[in-house]
Amino acid sequence: MDWTDLIDVAFDVLGSNNADSRQSALRTVQATVVEGEQPVAATAGRHPDHFRKGALVLTTHRLLFLKDGKPPLPVALEAVTDASVTRTRLNGEVLKVVALSGAHRFEEVAKAGIFAEQVLTAAAAARRRTAARPAPAATPPTADLLDQLERLAALHACGALTDEEFSRAKQRLIG
């Protein structure tokens, strides 16, 4: 699968035949591709901050939400700790992706269960790639690590993370 195929799949699921939107999404993704990043899967969904649906694009490094040619909303896969699906009457299948950067919710996601599994698989592969890199020399905790721990604690305190999710994310962060 190449980038064009991935965008085509996303827009087919989205039900959009607009060639200009497809080309804009393709240019947006290709402009932000990092070295070694490959397309994995795509589907359609709606971010709660947006009224219309957009494309959810999964790569080997990130999950991207693309909508109307705007800059993508990226979620680094190595930071993803969980992806789960719930079903509601109002919002259909809801995909919740929990990462160290925060929780992300996407509503009315097409084939959400399959896509959540793909996100978890790609996230595990991203963490393995990161773990395979040579480790830097041990350093004392930095302000960045403390900021990340504080963010995790805030997510846990507001109920965005369960006790189990918080413990797993904290262990991954601390090592």
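Refer to the preceding data block for the structure.
Criteria and thresholds
Note that residues are indexed from 1 along each chain, following the sequence as it is written. In keeping with the model being predicted, local features are shown solely for residues with a pLDDT of at least 70 and side-chain atom pairs are shown and tallied solely at 80 or more, while totals for entire chains, interfaces and linings include all residues. Side-chain metrics rest on all non-hydrogen atoms present in the structure, leaving aside hydrogens and water. Following DSSP output, two strands are said to pair if at least two bridges run between them. What counts as a helix is a DSSP run of H or I of at least four residues, what counts as a strand is a run of E of at least two, and both are numbered from the N terminus. Axes here refer to lines fitted to C-alpha atoms; in helices the fit is confined to the stretch in contact. Angles between the N-to-C directions go from 0 to 180 degrees. Contacts: residue pairs with any heavy atoms within 4.5 Å of one another. Only buried Ala, Val, Leu, Ile, Met, Phe, Trp, Tyr and Cys residues count toward a nonpolar core, and they belong to the same one when joined by side-chain atoms within 4.5 Å. Each residue's exposure class comes from its accessible area (1.4 Å probe, protein chains only) as a fraction of the maximum for that residue type: buried when under 20%, exposed when over 50%, partly exposed otherwise. Pairing of aromatic rings covers Phe, Tyr and Trp, the last through its six-membered ring, and needs centres within 6.5 Å; plane angles under 30 degrees mean stacked, over 60 mean edge-to-face, and all others mean tilted. A patch consists of residues whose relative accessible area exceeds 30% and which take part in no salt bridge; residues with like charges are grouped when within 9 Å of each other, and nonpolar side chains (Val, Leu, Ile, Met, Phe, Trp, Tyr) when within 5 Å. Methods summary: accessible areas were calculated by the Shrake-Rupley approach with a probe of 1.4 Å, and residue burial reflects only the protein chains presented. Salt bridge, as applied in this entry: a Lys or Arg side-chain nitrogen positioned within 4 Å of an Asp or Glu carboxyl oxygen.

Attention now goes to the sheet that holds strand S5 (residues 80-88). Two pairing modes exist for strands in a sheet, parallel and antiparallel, and in both the strands are linked by backbone hydrogen bonds. Spatial ordering of the open sheet is given by S5-S6-S7, a layout of 3 strands whose pairing is antiparallel. Here the strands that pair on one side only, and so sit at the sheet edges, are S5 and strand S7 (102-106). Neighbouring strand axes in the sheet, compared pairwise and without regard to direction, differ in orientation by 15° on average. Inspection of the sheet shows S5 paired to strand S6 (residues 92-99) by 8 bridges, in the antiparallel sense. Looking at S6, one finds that Thr88 is bridged to Gly92. In the packing of helix H3 (residues 112-132) onto the sheet, contacts are made with S5 and S6, and the angle to S5 comes to roughly 175°. Its contacts with the sheet place helix H5 (residues 163-174) against S5 and S6, and it is angled at close to 155° to S5.

Moving on, we come to the nonpolar core. Core analysis: the largest hydrophobic core is formed by 31 residues, its most contacted members being Leu58, Leu63, Leu77, Val80, Leu95 and Phe115. Those elements giving two or more residues to this core turn out to be strand S2 (54-59), strand S3 (62-66), S5, S6, H3, helix H4 (143-157) and H5. Among the elements that make up this core, the one with the highest residue count is H3 (7 residues). Listed in part, the 13 residues of the second largest apolar core include Phe11, Ala25, Leu26 and Ala42.

Let's shift gears to the sheet that holds strand S4 (residues 73-76). With antiparallel pairing, the 4 strands of this open sheet are ordered in space as S1-S2-S3-S4. Bordering the open sheet on either side are strand S1 (39-45) and S4, each of which pairs with just one other strand. Direction aside, the axes of adjacent strands within the sheet are offset by 15° on average. Where H3 meets the sheet, its contacts fall on S1, S2 and S3, and the angle it forms with S2 comes to roughly 35°.

A separate point is the packing of aromatic side chains. Under the definition given, this model contains 1 aromatic pair. Both rings, one in Phe65 and one in Phe106, keep their centres 5.7 Å apart while their planes meet at 40°; by these two values the pair is tilted. You can see Phe65 sitting in strand S3 and its partner Phe106 sitting in strand S7, a full 41 residues away along the chain. Residue Phe106 is classed as buried on the basis of its relative accessible area, which comes to 1%.

Turning to a nonpolar patch on the surface, a few remarks are in order. Nonpolar side chains collect at one region of the surface, where Met1, Val9 and Val13 lie side by side and expose about 240 Å² of accessible area between them. Val9 sits in the partly exposed class, given a relative accessible area of 31%.

The quantities given are spatial measurements derived from coordinates; they are silent on function.
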